[in-house]
Amino acid sequence: MTNESDGTTSADVDWDAQAAVFDDEPDHGLRDPKVRQAWAGRLRDWLPERPSDFLDLGCGTGSLSLLAAEQGHRVTGVDSSPAMVDLARAKLAGRDAVFLVGDAVAPPVGEQRFDVVLVRHVLWALPDPGRALRHWRELLRPGGRLVLIEGVWGTVSPVGLPADRLTALLAPLAGQVRVDRLSGEALLWGRDVADERYAVVATV
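Residues numbered from 1 in each chain as written. Predicted model: local features only at pLDDT ≥ 70, side-chain atom pairs only at ≥ 80, totals over all residues. Heavy atoms only, no water.

## Regarding the packing of aromatic side chains
For step 1, the next point in the chain: Counted by the stated rule, this structure contains four aromatic pairs.
For step 2, the next point in the chain: Aromatic pair W15 and F22: ring centres 6.0 Å apart, planes at 80°, arrangement edge-to-face.
For step 3, the next point in the chain: We classify F22 as buried; its relative accessible area is 11%.
For step 4, the next point in the chain: A network of ring pairs unites the aromatic residues W39, W46 and W189 as a single cluster.
For step 5, the next point in the chain: Cation over ring: R197 sits above W189, and NZ or CZ is 4.6 Å from the ring centre. (Phe/Tyr/Trp six-rings, centres within 6.5 Å; stacked < 30°, edge-to-face > 60°. Buried < 20%, exposed > 50% of the residue type's maximum accessible area, 1.4 Å probe, protein only. Lys NZ or Arg CZ within 6 Å of the ring centre and 35° of its normal.)

## As for the pattern of salt bridges
For step 1, the next point in the chain: Applying the stated criterion across every chain yields a total of 17 salt bridges.
For step 2, the next point in the chain: Taking the shortest distance from any N to any O, the salt bridge between D53 and R141 comes out at 2.8 Å. Of this pair, D53 sits in strand β1 (residues 53–57) while R141 sits in strand β5 (residues 140–153), and the two are 88 residues apart along the sequence.
For step 3, the next point in the chain: For D53, a relative accessible area of 14% corresponds to the buried category. (Salt bridge = Lys/Arg side-chain N within 4 Å of Asp/Glu carboxyl O. Helix = DSSP H or I, 4+ residues; strand = E, 2+ residues; numbered from the N terminus.)

## Describing unusual backbone geometry
For step 1, the next point in the chain: Despite not being glycine, L30 has its phi angle at roughly 55°, a positive value.
For step 2, the next point in the chain: In this fold, L30 is placed in the loop between α2 (26–29) and α3 (33–46).
For step 3, the next point in the chain: Relative accessible area serves as the criterion here: at 4%, L30 is assigned to the buried category.
For step 4, the next point in the chain: Positive phi, close to 55°, is recorded for H121, a residue that is not glycine.
For step 5, the next point in the chain: Structurally, H121 is set in the loop between β4 (114–120) and α6 (129–138).
For step 6, the next point in the chain: Residue class for H121 comes out buried when judged on its relative accessible area of 2%.

## Examining the packing of α3 against helix α4 (residues 63–70)
For step 1, the next point in the chain: Taken N-terminus to C-terminus, the directions of α3 and α4 make an angle of 60°; their axes are 10 Å apart at the nearest point. The orientation of α3 relative to α4 falls into the category oblique. Seen from above, α3 lies across α4 with right-handed handedness. Between α3, through R36, W39, A40 and L43, and α4, the contact on the second element is made entirely by L64, L66, L67, A68 and E70.
For step 2, the next point in the chain: A breakdown of the residues in the contact of α3 with α4 according to their chemical character gives seven nonpolar, no polar and two charged. (Axes fitted to C-alpha atoms, helices over the stretch in contact; angles between N-to-C directions. Parallel < 35°, antiparallel > 145°, perpendicular 65-115°, else oblique. Left-handed = near helix turned anticlockwise from the far one by under 90°. Contact = heavy atoms within 4.5 Å. Nonpolar A, V, L, I, M, F, W, Y, C, P; charged D, E, K, R; others polar.)

Following this line, the structure appears as structure tokens:
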């Protein structure tokens, strides 16, 4: 997870302490119906039409997990913050969803395999993103897909993962790789943004 306003990484932030205000960001809590609808539309485009097993790594408070569950997918979410996981469990109470406290790089899912692994704003902050991608690929069933929402934030001292670097890392791992540019979609972020934001959908 990342704080897009100042580029601090998960190593710099007490996410348990941040959990109570995490959803205040428009693209975190998805409280604005228009923002929520924009993300729901994107998920419908990125996820399989049929009900699938969906793994949300670095799930935060579960906002994207909730959208996936509403679209009929069976959700497993993983986050390193127990407070975030508690909020996600409450948000998806009564739905086909399980949330676990654990490391997004090596999630505690045992031998379970998934149709989709979604990771939002986590990969850029990892010391070895290629290693994480290789492990996440192993969590997919044949024909499964990685949905990676990333970006480069800031203009003075930008931090992040450019799309061309991510696609290069995915080249030996995936059969098809698609990049959707998201910077121009103000509804997703609740405001206009000038930095690089994108999603990569990689089918293995």
